[in-house]
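Below are the chains, spelled out letter by letter.
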Amino acid sequence: MSTAKSKETFKHIAVVVAGGKGLRMQSTVKKQFIDLEGVPVIVHTLASFDAHCRVDEIILVVPEQDLDFTCNDLLHRFSFSTPLHIIKGGVTRQDSVGNGLNKALKLCAQPETTLVLIHDGVRPFVGGNLIDRCIDGALENGACIPALGIFDTVKKADENGNILCTLDRDGLFRAQTPQVFRLDLIVKAASHARNTGFWGTDEASVCEHAKIPVAMVDGGSFNIKLTSPQDLIFASIIIQAKKEAELTGHSDFFFS
Ligand SMILES: Nc1ccn([C@@H]2O[C@H](COP(=O)(O)OP(=O)(O)OP(=O)(O)O)[C@@H](O)[C@H]2O)c(=O)n1
Ligand SMILES: C[C@](O)(CO)[C@H](O)COP(=O)(O)O
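Residues numbered from 1 in each chain as written. Chains lettered and ligands numbered in written order. Predicted model: local features only at pLDDT ≥ 70, side-chain atom pairs only at ≥ 80, totals over all residues.

J.: Looking at this structure, how should I read the UniProt feature "site: Positions MEP for the nucleophilic attack" (unreviewed entry) in the chain?
T.: Mapped onto this numbering, the UniProt entry gives "site: Positions MEP for the nucleophilic attack" (unreviewed entry) at Arg169 and Lys225. Of note, Arg169 is situated in the loop between strand E9 (163-167) and strand E10 (173-175). Apart from residues no more than four positions distant in its own chain, Arg169 is found in contact with Ile150, Thr153 and Val154. Positionally, Lys225 belongs in the loop between strand E12 (215-218) and helix H7 (229-247). Owing to 16 C-beta atoms within 10 Å, Lys225 belongs among the partly exposed residues under this scheme. Lys225 has contacts with Asp120, Val122 and Arg123, leaving out every residue within four places of it along the chain. (UniProt positions renumbered as here; feature names shortened; annotations may be inferred. Helix = DSSP H or I, 4+ residues; strand = E, 2+ residues; numbered from the N terminus. Contact = placed C-beta atoms within 7 Å. Buried ≥ 20, exposed ≤ 12 C-beta atoms within 10 Å, placed from the backbone.)

J.: I would appreciate a short explanation of the site of ligand 2 in the present structure.
T.: Every residue near ligand 2 is listed here: Arg93, Asp120, Ala175, Gln176, Thr177, Thr201, Asp202, Lys225 and Thr227. For the shell around ligand 2, the residue count by class is one nonpolar, four polar and four charged. (Near = placed C-beta within 6 Å. Nonpolar A, V, L, I, M, F, W, Y, C, P; charged D, E, K, R; others polar.)

J.: Could you clarify how one ought to interpret the UniProt feature "site: Transition state stabilizer" (unreviewed entry) in the chain in this entry?
T.: Taking the UniProt record as the reference, the feature "site: Transition state stabilizer" (unreviewed entry) is found at Arg24 and Lys31. Within the secondary structure layout, Arg24 lies in the loop between strand E1 (11-17) and strand E2 (35-36). Excluding residues that lie within four positions of it along the chain, Arg24 makes contacts with Thr227 and Ser228. Tracing the sequence through the fold places Lys31 in the loop between E1 and E2. In this structure Lys31 touches Gly22, Met25, Val41, Val122 and Leu226, once residues within four positions along its chain are discounted.

J.: When you look at the site of ligand 1 in this model, what are you seeing that I'm missing?
T.: Residues in close proximity to ligand 1 total 21 residues, the closest being Val17, Gly19, Gly20, Arg24 and Ser96. Residue classes in the shell around ligand 1 are distributed as six nonpolar, ten polar and five charged.

J.: Whenever I open this one, unusual backbone geometry confuses me. Can you help?
T.: For residues that are not glycine, phi is negative in most cases, and the peptide bond is trans in most cases. Looking along the chain, the bond that leaves Thr177 and enters Pro178 is cis, with omega of 15 degrees. Its identity as a non-glycine residue notwithstanding, Gln26 has a phi of 50 degrees, on the positive side. Among the secondary structure elements, Gln26 is positioned in the loop between E1 and E2. Under the C-beta neighbour-count criterion, Gln26 is labelled exposed, with 9 such atoms within 10 Å.

J.: What's the story with the pairing of E9 in this structure? I'm lost.
T.: For a regular strand, side chains alternate in direction, first toward one face of the sheet and then toward the other. Among the five residues of E9, zero are classified as buried, and the element is accordingly described as predominantly exposed. Where strand E8 (residues 154-157) lies against E9, four bridges are found, and the strand directions are antiparallel. Its bridge partner lying in E9, Lys156 is registered against Cys165. Once E8 ends, the chain turns through five residues before running back antiparallel as E9, passing Gly161 with a positive phi of about 85 degrees. (Pairing = 2+ DSSP bridges.)

J.: Any chance you could explain the packing of helix H3 (residues 93-107) against helix H5 (residues 183-196) here in plain terms?
T.: Angle between the axes and distance between the axes are the two parameters that describe a pair of packed helices. Interhelical geometry of H3 versus H5 gives an angle of 140 degrees and a closest axis separation of 11 Å. When the interaxial angle is binned, H3 and H5 end up oblique. Here the hand of the crossing between H3 and H5 comes out left-handed. Between H3 and H5, the contacting residues are Gly98, Leu101, Ala104 and Leu105 on the first element and Leu183, Ile186, Val187 and Ala190 on the second. Classifying every residue of the contact of H3 with H5 by side-chain character gives seven nonpolar, one polar and no charged. (Axes fitted to C-alpha atoms, helices over the stretch in contact; angles between N-to-C directions. Parallel < 35°, antiparallel > 145°, perpendicular 65-115°, else oblique. Left-handed = near helix turned anticlockwise from the far one by under 90°.)

Below, the structure is given as structure tokens:
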């Protein structure tokens, strides 16, 4: 791992997307702004990238109607040492990422030597070692995402919930973020997606569609995405476990 932001040939820009409505969370406050043990979800997430020595700049994407609140209220209460740029999102996640990529293009000298770390604003427990694995994988392969295997038996069903078959879980993975790409590659893939009308739930699928190979590294068990109300209970438990692990010096083991 590098010890100084300026020592690497590549520039690393985190694009944290928090421009969604959080409908599945069924909360009056958008899930990225929900308070988790005294700190909003999005601030937990930003802090992970701010603390990482290889992250040079952070672009935060928020809903247009929350720009004022984010710039003038939320981020006045918390400070970060990494340069932070706040921009508006779009209708879909892919649109929000697109806005983030446009901003990254303006911040970088050369897209060929810039890595973008595209991360869900609502994955607040991303660990430093996980960020390192993804960066290293992208430096080697151009594109790299974290993923975890599947331990449950996986069924395919029809629209009425009747089981059609059991899928072979070998070779199936759950994709996480940060998904890290050389900026020139992901910009090319995003433009191909736009031109062909492709829509994907993550950026790896946008690359796959453009036939750009994407490598995988181990994801993190605690790197959960806060999607439904139950996830907030898991989040509180994780924060508690993290505090205890830090006290006993085991946080690297648990949160790698
Ligand atoms: N137009 C959008 C939609 C989603 N996201 C972000 O993408 C991440 C993952 O998306 P998801 O969990 O699906 O968030 P929402 O779209 O907000 O949730 P929902 O689908 O339940 O409405 C979140 O950090 C979300 O804020 C975004 O930046 N812009
Ligand atoms: C990007 C992602 O978090 C990877 O698992 C996921 O695909 C987002 O999907 P969602 O349907 O927008 O929650």
